[in-house]
2 protein chains.
Amino acid sequence: MPVVPAKEKMTKFKPERTTSNSFASAIIPSGAISRMAIYLRELQQLQRSGIDTINSSQLGERLGFTDSQVRRDLGAIGAVGRRGVGYSTSQLCQTIRSAIGTDRDWNIALVGMGNLGQALAGYRGFETQGFRLVAAIDLDQAKVGKKVGKLTIKSIDQFDSVVARTPIQLAILAVPAEVAPDVAERLAKSGVLGILNFAPTNVRSPKTCIPVIDVDMAIELQRLAFAVVNQEASR
Amino acid sequence: MPVVPAKEKMTKFKPERTTSNSFASAIIPSGAISRMAIYLRELQQLQRSGIDTINSSQLGERLGFTDSQVRRDLGAIGAVGRRGVGYSTSQLCQTIRSAIGTDRDWNIALVGMGNLGQALAGYRGFETQGFRLVAAIDLDQAKVGKKVGKLTIKSIDQFDSVVARTPIQLAILAVPAEVAPDVAERLAKSGVLGILNFAPTNVRSPKTCIPVIDVDMAIELQRLAFAVVNQEASR
């Protein structure tokens, strides 16, 4: 029963949750989450460029969203800009992070160290958002013991002992489709709370009752094809 | 002006569009497209397993969607199941493909041949959905001329001559964030109709007025973190 260890980890997790999280969780529509993350990425870029304030229409213009969309989204998480000045970029970053739940650190296991796993291990964008890659796992014994960046690849059979030393909340699943559902079930059993699934198959099941976000490149291409056809049709 | 070549390619493209496309384009809510692609993937797996018919509740159960969600989605694209039998898997695949716009072939250029580009070049899931990888492009002259699978890596400066020989409708952008906006603009100028953007930055601009779908791993992880926090909060 995967629920038991998962529950256990959730309890450990609870004290860290801020009030703004629970507040935001209740009211952010799930479609707005991607936009929140896009605002955050842009605000962080602005911060690095030394820009301290921005208003909703400037932010919207940079990202292709309308002014009112931006104000509605940011209003929903309780962010208030100052009239004639706009939002403080650093404060808005903080508000968004706390609303999404990335104002705390998340430990990540990367499972599957093929080409995609290797690419993901080298991806620089994780750490800046509070995600810490703490374990690299593979099913292939030939890969176990090899280094990927600072991490040594561990076998999936060692996963429980890895988790015992370093709690792992999220897993990135980059294994072949054939084995993905089984691996997802094992991860959930070991107390992983959510899976980012790159395997082009469905890994949800009654035995894997944790949130799964799918990143299927073919599905993304299909969304793009649809957007292109749709744009053509509307001309 | 990127609009001119893009328009030109759109005109060439028009005769291929089916009536069901324009019909579907008008009424599928954009949020449903990902679900359509997920139904399609599952139906194709069922077909390969020799399963000829399925009803909405079975399909929903396999994917974690409600019966009524499935019926609403499929009804919106004009798919009708037979009472007591369900949908024909092969016919439903066809209906979905025509609704999304993947009943025609799409030629793809992969731009950026680092770790991620290499991983994407080896990704098997594209071809089965009607996407044909026809060009591999890099900015780094040291990589130009090398082989990736059956493709020879070309320089971005050769892109126009590549397109002149083989029309390219979509590009997958896997270059570093710093150069991504410029590269996106060049691709749009060369007549590319849509971009799947893996660079962790915004590539939309008034000069790149074509559809862009972003795949930012950090954003997907943030969506996952939010789903986990949200699930905790709702318990």
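Refer to the structure presented above.
Summarised in this report is the structure supplied together with it. (Residues numbered from 1 in each chain as written. Chains lettered and ligands numbered in written order. Predicted model: local features only at pLDDT ≥ 70, side-chain atom pairs only at ≥ 80, totals over all residues. Heavy atoms only, no water.)

**Some words on the packing of helix 4 (residues 56–63) of chain B against helix 5 (residues 67–76) of chain B**
Residue and element names in this part refer to chain B. The contact between helix 4 and helix 5 brings their axes to 8 Å, and the two run at 110°. Here helix 5 runs roughly perpendicular to helix 4, going by the angle between their axes. For the element pair helix 4 and helix 5, the recorded crossing hand is right-handed. For the pair helix 4 and helix 5, contact is made by Ser56, Ser57, Leu59 and Gly60 and by Asp67, Val70, Arg71 and Leu74, respectively. Among the residues making up the contact of helix 4 with helix 5, the classes are represented as three nonpolar, three polar and two charged. (Axes fitted to C-alpha atoms, helices over the stretch in contact; angles between N-to-C directions. Helix = DSSP H or I, 4+ residues; strand = E, 2+ residues; numbered from the N terminus. Parallel < 35°, antiparallel > 145°, perpendicular 65-115°, else oblique. Left-handed = near helix turned anticlockwise from the far one by under 90°. Contact = heavy atoms within 4.5 Å. Nonpolar A, V, L, I, M, F, W, Y, C, P; charged D, E, K, R; others polar.)

**Quick look at the interface of chain A and chain B**
With 72 residues of chain A in contact, the opposing surface of chain B contributes 73 residues. Applying the counting criterion to the chain A and chain B interface returns two salt bridges. Examining the composition of the side of chain A that touches chain B, we find that 17 residues originate from one element, helix 10 (residues 217–233) of chain A, more than from any other. Of the residues contributing to the side of chain A that touches chain B, the split by class is 42 nonpolar, 16 polar and 14 charged. (Salt bridge = Lys/Arg side-chain N within 4 Å of Asp/Glu carboxyl O.)

**With respect to the side chain of A:Gln69**
Residue and element names in this part refer to chain A. As for its placement among the helices and strands, Gln69 is situated in helix 5 (residues 67–76). By relative accessible area, which is 19% here, Gln69 ends up buried. If we skip the residues at most four places from it in the chain, Gln69 touches Arg35 and Tyr39. (Buried < 20%, exposed > 50% of the residue type's maximum accessible area, 1.4 Å probe, protein only.)

**Things to note about the packing of aromatic side chains**
Here the distance between the centres and the angle between the planes together describe a pair of aromatic rings. All names here are of chain A. Under the definition given, this model contains two aromatic pairs over all chains. Both rings, one in Tyr39 and one in Phe65, keep their centres 5.7 Å apart while their planes meet at 80°; by these two values the pair is edge-to-face. One end of the pair, Tyr39, is in helix 3 (residues 30–48); the other, Phe65, is in the loop between helix 4 (56–63) and helix 5, with 26 residues separating them in the sequence. Looking at Phe65, the relative accessible area reads 22%, which means it is partly exposed. (Phe/Tyr/Trp six-rings, centres within 6.5 Å; stacked < 30°, edge-to-face > 60°.)

**Some details on the environment of A:Ala171**
All names here are of chain A. On the secondary structure map, Ala171 appears in strand 7 (residues 170–173). Residue Ala171 is classed as buried on the basis of its relative accessible area of 0%. Sequence-wise, Ala171 and Ile137 are 34 residues apart; in three dimensions their C-alpha atoms are separated by 10.0 Å. Ignoring anything within four residues of it in the chain, the contact list for Ala171 reads Ala109, Val111, Leu187, Val192, Gly194, Ile195 and Leu196.

**Some thoughts on the relation of the copies chain A and chain B**
In this arrangement, two copies of a chain are superimposed by a rotation about an axis accompanied by a shift along the axis. Here chain A sits on chain B after a turn of 180° about the axis and a move of 0.0 Å along it, with an RMSD of 0.0 Å. One copy is carried onto the other by what is essentially a two-fold rotation axis. The residues that chain A uses at the interface reappear at the interface of chain B in 100% of cases, marking a shared surface. (Least-squares fit on C-alpha atoms with pLDDT ≥ 70 in both.)

**Points about the sheet that holds strand 3 (residues 106–111) of chain A**
Residues and elements named next belong to chain A. Read across the sheet, seven strands follow the order 5-6-4-3-7-8-9 without closing on themselves; strand pairing throughout is mixed. Looking at which strands have only one partner, the edges of the open sheet turn out to be strand 5 (147–148) and strand 9 (212–214). Pairing of strand 7 with strand 8 (residues 194–197) involves four bridges; the strand directions are parallel. What sits directly across from Ala171, in strand 8, is Ile195. (Pairing = 2+ DSSP bridges.)

**Quick look at the environment of B:Val215**
All names here are of chain B. Following the sequence through the fold, Val215 ends up in the loop between strand 9 (212–214) and helix 10 (217–233). For Val215, a relative accessible area of 1% corresponds to the buried category. Between the alpha carbons of Val215 and Asn197 there is a distance of 5.9 Å; along the sequence they are 18 residues apart.

**Side note on the pattern of salt bridges**
One pass over the full model with this rule turns up 20 salt bridges over all chains. As a salt-bridge pair, A:Lys189 and A:Glu185 come within 3.6 Å of each other at their nearest N and O atoms. Remark: A:Glu185 and A:Lys189 occur in helix 9 (residues 180–189); sequence separation between them is four residues, near one turn of the helix. The shortest N-O distance in the salt bridge between B:Glu220 and B:Arg223 comes to 2.8 Å. Of this pair, B:Glu220 and B:Arg223 both sit in helix 10, three residues apart, which is roughly one turn of the helix. With a relative accessible area of 8%, B:Glu220 lands in the buried category.

**A look at helix 6 (residues 89–100) of chain B**
The periodicity of an α-helix, 3.6 residues per turn, causes residues three or four positions apart to be oriented the same way. Residue and element names in this part refer to chain B. Between its first and last C-alpha, helix 6 extends 16 Å over twelve residues, near the 16 Å set by a 1.5 Å rise per residue. Taken as a whole, helix 6 has its buried residues at Thr89, Leu92, Cys93, Ile96, Arg97, Ser98, Ala99 and Ile100. Gly101 sits one or two residues past helix 6 and shows a positive phi near 105°. (Expected span 1.5 Å × (residues − 1).)

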